[in-house]
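# Per-entry structural report
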Amino acid sequence: MIRFTLIAVLATIVVFQITGEKVPVNEGAMGDGVFFREVAGNFLEDVETGGYNVFQMQRVMPFAFVNILFGALEILKSNDNLMRGMLVLHFLFLGFGVYWYFSLATKLRLGDGLTILGFVLVFANFAVLKDPWYNPFSTDLATLVLGIAQANYFIKFNRQKLFLVSIIAGFVWPTMMLTGLLLIFLPSDPLVVFIKERPKSFFPVLASLVMLVFLVVVSVITGRFDWENIWATLMHVASIFTLVFFVFAIMVRNPVDWSMSYSLFLKKNKPQMMLRFAGIRFIYLLGVFLLSGSNGSLDMVALVQSLVKDTLRFPGDFLFGHMVFYGFLIPLSLAFFPRMIKESAKLGMGMMAVSLLMLVFFVHPESRLLLAFLPFMLVLLLKSVRRYKIVNKDVVVISIVNILMSAFWLPLNVAGMEEALGLGHQEMYYFPAQRYWMHFGNMMSFKVYLVAGLVFVGLLILAYRGKVRYKREEYVRGRSLAAKI
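Read on for an overview of the structure. (Residues numbered from 1 in each chain as written. Predicted model: local features only at pLDDT ≥ 70, side-chain atom pairs only at ≥ 80, totals over all residues. Heavy atoms only, no water.)

## Description of the overall build of the protein
Under the convention used in this document: Only DSSP runs of H or I reaching four residues or more are called helices, and only runs of E reaching two or more are called strands; each is numbered from the N terminus. Put simply, the radius of gyration uses C-alpha atoms, and a globule should come to 2.2 Å times the residue count raised to 0.38. Exposed residues in this analysis have more than 50% of their type's maximum accessible area, buried residues have under 20%, and partly exposed residues fall in between, with area computed by a 1.4 Å probe over protein chains only. Whether two residues are in contact is decided by their heavy atoms, any of which lying within 4.5 Å being enough. To be clear on the numbers: accessible area is Shrake-Rupley with a 1.4 Å probe, and residue cover counts the displayed protein chains and nothing else.
When helices and strands are tallied, the protein shows 25 helices and zero strands. Compactness check: the protein gives a C-alpha radius of gyration of 23 Å against a globular reference of 23 Å for 485 residues, within 12% of the reference. Taken over the C-alpha atoms alone, the protein extends approximately 75 × 55 × 50 Å along its principal axes. Going through the 485 residues of the protein one by one, you find that 52% of them count as buried. Across the protein, every contact between residues at least 6 apart in sequence was considered, and the portion connecting residues at least 24 apart equals 80%. When the accessible surface of the protein is split by element, carbon and sulfur atoms take 69% of a total near 23,100 Å².

Spelled out as structure tokens, the structure:
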């Protein structure tokens, strides 16, 4: 009954979104969406002439599917029809995502409270309830759903299905094939963790200093220290120190004994498994390269520069942006971080490698880069809080927060929105364009950043208070049980 209710509520909101507003420019497409619509309309013709580069080939699957299906059914490939096709495909993807989530919940043996909590955290957010339906020509929802499938088959230890899903996902998002191979071929033996407190070490300080120097050098090379714009430069400097402190705190709170774990990896690692890993990875990349043909148009330097340019605009903007995009999952993950790392270590070296890769993308403010890792973050969080008895009040509070942040209820196409989205990059930092772009940390205006920061601090305090309360209740129950014995 609980699962039926969750599905019914989700379906009702999604149907409301499908029939609702769309991007008001370019007949429902903007940014990468314009390219993806062209893929949906002309994939078979363009792929024969090598019309895509290696990066584009790793994101074309949903749109290629629509193109082939429309061709087989002889449906006119107009812009409106292609949009309808993408909306139907998103709905089907969401259905598979719900199925794989409940399969994962069964494997994890979650109670009703945790099942609802996980469902809310993964589906009740901007990434699911608003963005795919407002901007249908994107790979975001497909990436999230296939990530849930990867997490499901990893927990089930079904390597054949995990490999099959990873092959498909490799043509939806570039990192997903690598993620699947890490989970399949790295040893499943748990890493070594410190039983008591982590011993004092100079390594976090040294690593933080190296990171600080590296960020300063990169900033100089990319021209981020613009002394004619003192405000932007000060924000950038503050962002560098905030990021270094964040990484330093992660290293200090990390409970894994890396020296012992590395020795264990050398002992448990099998050369034939690494050869298979390297061989399959090479064949996949070779296949993508052979299918592509216009790699001369791929400017990797410009791509890296654009990624760097979006980082370190405001202090901690990646935290605030991820919170607005995904909801309460981000503050909860920070509150339970040490426990989540222990759970990652228990799940084996593959899961730890995925967690480290996830951390690299976590510190970038563009939340879409985290979509492929979100289900794994959810798994680690649910395993971390599984020993606690989640009360209904907490689930209700988290649900309300996520629903509010999802903005499914917020009309975006207000007066001036079409003009705002059609203007230059700088116009995105002002309203009404911020009604949409405020959900992306790399596109937030400073005012939205301040409000999001206050909300983030409040939710983080709430998450820590809840964690302390649950620990206290667990301690009281343990003492009561010991007294009875």
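From this point, the discussion proceeds with the structure in view.
## Some points on the packing of aromatic side chains
To be explicit about the condition: Here a Phe, Tyr or Trp ring, Trp counted by its six-membered ring, pairs with any other such ring whose centre lies within 6.5 Å, and the pair is stacked when the planes are under 30 degrees apart, edge-to-face when over 60, and tilted otherwise.
Overall, the coordinates contain 34 aromatic pairs when judged by the stated rule. Ring plane angle 5° and centroid distance 4.4 Å describe the contact between F36 and F63, whose orientation is recorded as stacked. Taken together, the positions of F36 in helix 2 (residues 32–48) and F63 in helix 4 (residues 61–73) put the pair 27 residues apart, joining distant regions of the chain. You'll find F36 and F63 in the same group, each marked buried. Between F126 and Y436, the ring centres sit 6.0 Å apart and the planes meet at 55°, which makes this aromatic pair tilted. With F126 in helix 7 (residues 126–129) and Y436 in helix 24 (residues 434–437), the pair connects residues that are 310 residues apart, well separated along the chain.

## A short note on the side chain of T139
Within the secondary structure layout, T139 lies in the loop between helix 8 (131–134) and helix 9 (140–155). When near neighbours in sequence (up to four residues on either side) are disregarded, T139 contacts F36, R59, F63, V172 and W173.

## Description of a nonpolar patch on the surface
Heads up, the rule is: Exposure above 30% relative accessible area and no salt bridge define the residues that can form patches, which grow by joining like charges within 9 Å and nonpolar side chains of Val, Leu, Ile, Met, Phe, Trp and Tyr within 5 Å. Should a side-chain nitrogen of Lys or Arg be within 4 Å of a carboxyl oxygen of Asp or Glu, the pair is scored as a salt bridge.
Together, F202, V205, L206, L209 and V210 make up an exposed nonpolar region whose accessible area comes to about 470 Å². Tracing the sequence through the fold places F202 in the loop between helix 11 (176–185) and helix 12 (203–221).

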